[in-house]
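Residue-level listing of the chains:
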Amino acid sequence: MTAVLRTPLTELVGIEHPIVQTGMGWVSGPRLTAGTSNAGGLGILASATMTYDELEAAVLRTKELTDKPFGVNIRADATDAQERIDLLIREKVKVASFALAPKKDLISKLKDNGVVVVPSIGAAKHAVKVASWGADAVIVQGGEGGGHTGPVATTLLLPSVLDAVDIPVIAAGGFFDGRGLAAALSYGAAGVAMGTRFLLTSDSAVPDSVKQEYLKRGLQDTTVSVKVDGMPHRVLNTDLVNSLEKSSYARGLVAAARNAPKVRAMTGMKWSTLLKEGLAMRKTTDKTWLQIIMYANTPMLLKAGLVDGNTEAGVLASGQVVGMVDDLPSCQELIDRIMADAVKRIDALGALRA
């Protein structure tokens, strides 16, 4: 029998183990999400790269594959965000996660209908804000994490957030085994969230040829690039990424011009909404218009690599933990061994008091 650790996260969501599979665009589909939830963790569907109809089908398929709690990651700024939230409520999805913090009224609507709200944040002040709006928990990702990431390591970002809020905090960025879970719980976190480690499982739909590219890599084989889409984005070192790093922004701008219509169709966002988002980003960040326009590159470049398996034309988001991963277990096998190792290490720590 798999060891059990009870934390505020397991109590809040009704899961067996304090392990979350993050909502990775193009990766976190029904099979991976259900595989995680069936193994006792919390699987999260990634809907930012889905149309509304695709999301509805994915939710229904996930419910066919598991009767355990799972979540959906959605964009709070999508034009059809209200419709997507209504879908979550109607289908009794347990958790709504957000990369961009939802507004207070959105959080209230979800909570009033029994949906647990878990935004991802990158700074203590953001955690304080969403907690004041009613968020039930937060995921905090340190700079080791893959995809869009910040400059502060998990070992410092996590305690800064734990000191700032009283709601459960889920640690992300650099986690892949039982040692990491035990360490996060020691800090005071309620659990861990992992992306790259779940991407590299047999339940992940990423092409096997692409998974093998990940397994070849070491700890030094990722780059935080701003040439992919104008934002700090941790990805695997590839010929394309190396080429982008050496190129001018003009190349990225041309690609973004081609990709923007595809992103608009995929997300359901109107041109006016895309422009509004760009204006907001320009006002609240130090990004140039060039960087903001390049943001449209991300979904299409990730799709080329993670779905189409074309590593020469796409990018492969990855956390630094890629250098510590050397196999492709099922979600069940992965979670079982993480839990067994975490409990063993926690027991060993307790013995130090003797």
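Preceding this paragraph is the structure being described.
Source: prediction; values computed, not measured.

S.K.: With reference to specific residues and values, describe the sheet that holds strand β2 (residues 42-46).
M.R.: Strand order around the closed barrel formed by eight strands is β1-β2-β3-β4-β5-β6-β8-β9, with parallel pairing between neighbours. The sheet shows a mean angle of 25° between the axes of neighbouring strands, direction not considered. As paired strands, strand β8 (residues 169-172) and strand β9 (residues 191-194) are joined by three bridges and run parallel to one another. Counterpart to I170 in the pairing with β9 is G191. In the packing of helix α8 (residues 178-187) onto the sheet, the strands contacted are β1 (19-21), β8 and β9, and the crossing angle to β9 comes to about 135°.

S.K.: How would you summarise the packing of helix α3 (residues 52-65) against helix α4 (residues 81-90) if you had to cite specific residues and measurements?
M.R.: Closest axis-to-axis distance for the α3/α4 pair is 11 Å, and the angle between their directions is 15°. One way to sum up the angle between α3 and α4 is to call them roughly parallel. Of the two possible hands of crossing, α3 and α4 adopt the one that is right-handed. Residues Y52, L55 and E56 of α3 form the contact with α4, whose own contacting residues are E83, R84, L87 and R90.

S.K.: Tell me about the pairing of strand β3 (residues 70-74), and please be specific about residues and values.
M.R.: In terms of burial, β3 is a largely internal element, five of the five residues being buried. Because side chains alternate across β3, one face comprises the buried residues F70, V72 and I74, and the other comprises G71 and N73, equally buried. Pairing geometry for β2 and β3, over four bridges, is parallel. Looking at β3, one finds that G43 is bridged to F70. What joins β2 to β3 is α3, and the crossover it makes is right-handed. The parallel pair β3 and strand β4 (residues 95-98) is bridged by α4, and the resulting crossover is right-handed.

S.K.: Summarise the pairing of β4; cite the residues concerned and give the values.
M.R.: Neither face of β4 is left uncovered, since the one carrying V95 and S97 and the one carrying A96 and F98 both have all their residues buried. Note: β4 against strand β5 (residues 116-121), four bridges, orientation parallel. The residue of β5 that forms the bridge with F98 is P119. For the segment spanning β4, helix α5 (residues 104-112) and β5, crossover handedness is right-handed.

Cut-offs used in this document
- Residues numbered from 1 in each chain as written.
- Predicted model: local features only at pLDDT ≥ 70, side-chain atom pairs only at ≥ 80, totals over all residues.
- Heavy atoms only, no water.
- Pairing = 2+ DSSP bridges.
- Helix = DSSP H or I, 4+ residues; strand = E, 2+ residues; numbered from the N terminus.
- Axes fitted to C-alpha atoms, helices over the stretch in contact; angles between N-to-C directions.
- Contact = heavy atoms within 4.5 Å.
- Parallel < 35°, antiparallel > 145°, perpendicular 65-115°, else oblique.
- Left-handed = near helix turned anticlockwise from the far one by under 90°.
- Buried < 20%, exposed > 50% of the residue type's maximum accessible area, 1.4 Å probe, protein only.
- Right-handed = clockwise from strand over helix to strand, strands pointing away.

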